[in-house]
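# Structural description and commentary
Residues per chain are reported as follows:
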Amino acid sequence: MRALPVLVDATSVPPNRGGVARYIAGLLVGLAELDVRVDVVVKPGDLAWLRDTAPAHRYHPAPAWTSSRPLRLVWEQLGLPGLLRRVGADVLHSPHYTFPLLHAARTVVTLHDATFFSDPGAHSSLKVRFFRTWTRMARRAARATVAPSAATVAELDRLTGRPRRPTVVAHLGVDRGVFHPRPTPSSARSVPRTGCRTATTGSPSSAPSNPASACRRSSRPTRR
């Protein structure tokens, strides 16, 4: 497995492990499928879950007190740069808007959407101010920014102006274990002259003995 000199900051995983947690887990699983290993920093409470989800990578626990969001943001500025040096990473990936300002030149920041600008009513006023500020700073200072679609990039350009460097589009993948096409019936039979199709799945005993008559019964109007 090829080791990349990259540190992924996974300390932004929320308590319900939705949202950005799915993004981070999918990213790490996808990298492993490409035979690539990175370093990952994670809150102690999420370490076992993320290690079980994507075991190929090297994990580093953040201080226990980073479970507090305000303290985590302080550690991001003051403690994360030191970890970046200790693991020997050339690049930091900050997957949720915020990043250590003093190491912006070595940081890639993911900006998931533009709704803090385009649809502020969907968020609290505090979140709107917070994420608008960090979005603008990332587009101005980070080495690179990433968004999941060209439409998101276009909205960010329209609402915040052109960034210092173009934002890279990296489309989201699809978890086939969760999202997949509906299965087709295992067999289907056409009944002559009635224009009716009956589909059977499972054992033959589940099929009606006389499909045509069953079709005629099912097609009768229902009295109200």
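Up top is the structure.
Residues numbered from 1 in each chain as written. Predicted model: local features only at pLDDT ≥ 70, side-chain atom pairs only at ≥ 80, totals over all residues. Heavy atoms only, no water.

## What to know about the overall build of the chain
- When helices and strands are counted, the chain shows eight helices and nine strands.
- If you take every contact in the chain between residues at least 6 apart in sequence, the share linking residues at least 24 apart comes to 50%.
- When the accessible surface of the chain is summed, it comes to about 13,500 Å², and 56% of that surface belongs to carbon and sulfur atoms. (Helix = DSSP H or I, 4+ residues; strand = E, 2+ residues; numbered from the N terminus. Contact = heavy atoms within 4.5 Å. Areas by Shrake-Rupley, 256 points an atom, 1.4 Å probe, with all protein chains shown as cover.)

## A closer look at the nonpolar core
- Membership of the largest hydrophobic core comes to 19 residues, with the highest contact counts inside it found for I24, L28, V38, V40, L50 and Y59.
- Put simply, the parts of the chain that give this core at least two residues each are β1 (2-9), α1 (20-33), β2 (36-42) and α2 (44-53).
- It is α1 that contributes the most residues to this core, seven residues altogether.
- When neighbours within four sequence positions are excluded, Y59 is seen to be in contact with L28, V40, V42, L47, L50, R51 and A54.
- Core analysis: the next-biggest nonpolar cluster, separate from the first, contains 13 residues, Y97, A104, L111 and A142 among them. (Core = buried A, V, L, I, M, F, W, Y, C linked by side-chain atoms within 4.5 Å. Buried < 20%, exposed > 50% of the residue type's maximum accessible area, 1.4 Å probe, protein only.)

## Some points on the pattern of salt bridges
- Taken as a whole, this structure holds six salt bridges when the rule is applied.
- One salt bridge connects D39 with R58, and the closest N-O pair in it is separated by 2.9 Å. Of the two residues, D39 sits in strand β2 while R58 sits in strand β3 (residues 58-61), which places them 19 residues apart along the sequence.
- For D39, a relative accessible area of 5% corresponds to the buried category. (Salt bridge = Lys/Arg side-chain N within 4 Å of Asp/Glu carboxyl O.)

## As for helix α3 (residues 69-78)
- Listing the buried residues of α3 in full gives R72, W75 and E76. An end-on view of α3 places all buried positions within 105° of arc, on one side of the element. Away from the buried face of α3 by more than 90 degrees, exposed residues P70 and L78 are located.
- The inward-facing, buried residues of α3 contact β1, β2 and α4 (80-86). (Arc of directions from axis to C-beta.)

## Looking at helix α7 (residues 150-160)
- Taken residue by residue, α7 has T152, V153, L156 and D157 as its buried positions. The arc that holds the buried residues of α7, viewed along the axis, is 135°, so those residues lie on one side. Residues of α7 that are exposed and point more than 90 degrees away from the buried face comprise A150, A151 and R158.
- The secondary structure elements touched by the buried residues of α7 are α6 (125-141), β6 (144-147) and β7 (168-169).
- With its phi angle positive at about 90°, G161 sits one or two positions after the end of α7.

## Quick word on the side chain of D157
- Among the structural elements, D157 can be located in helix α7.
- You can call D157 buried: its relative accessible area is 17%.
- With residues up to four places along the chain from it excluded, the contact list for D157 reads R139, R162 and P163.

## Re the packing of aromatic side chains
- Enumeration over the complete set of coordinates arrives at six aromatic pairs.
- Between the aromatic rings of F99 and W134, the centroid separation amounts to 5.3 Å while the plane-to-plane angle is 80°, which identifies the pairing as edge-to-face. In this pair, F99 sits in the loop between β4 (91-94) and β5 (107-110) while W134 sits in helix α6, placing the two residues 35 residues apart along the sequence. Residues F99 and W134 agree in their burial class; the two are buried.
- Ring geometry for F130 and W134: centres 6.4 Å apart, planes at 50°, overall tilted. Of this pair, F130 and W134 both sit in helix α6, four residues apart, which is roughly one turn of the helix.
- We classify F130 as partly exposed; its relative accessible area is 27%.
- Overall, W134 belongs to the buried group, its relative accessible area being 12%.
- An aromatic cluster is built from Y97, F99, F116, F130, F131 and W134, whose rings are joined through pairwise contacts. (Phe/Tyr/Trp six-rings, centres within 6.5 Å; stacked < 30°, edge-to-face > 60°.)

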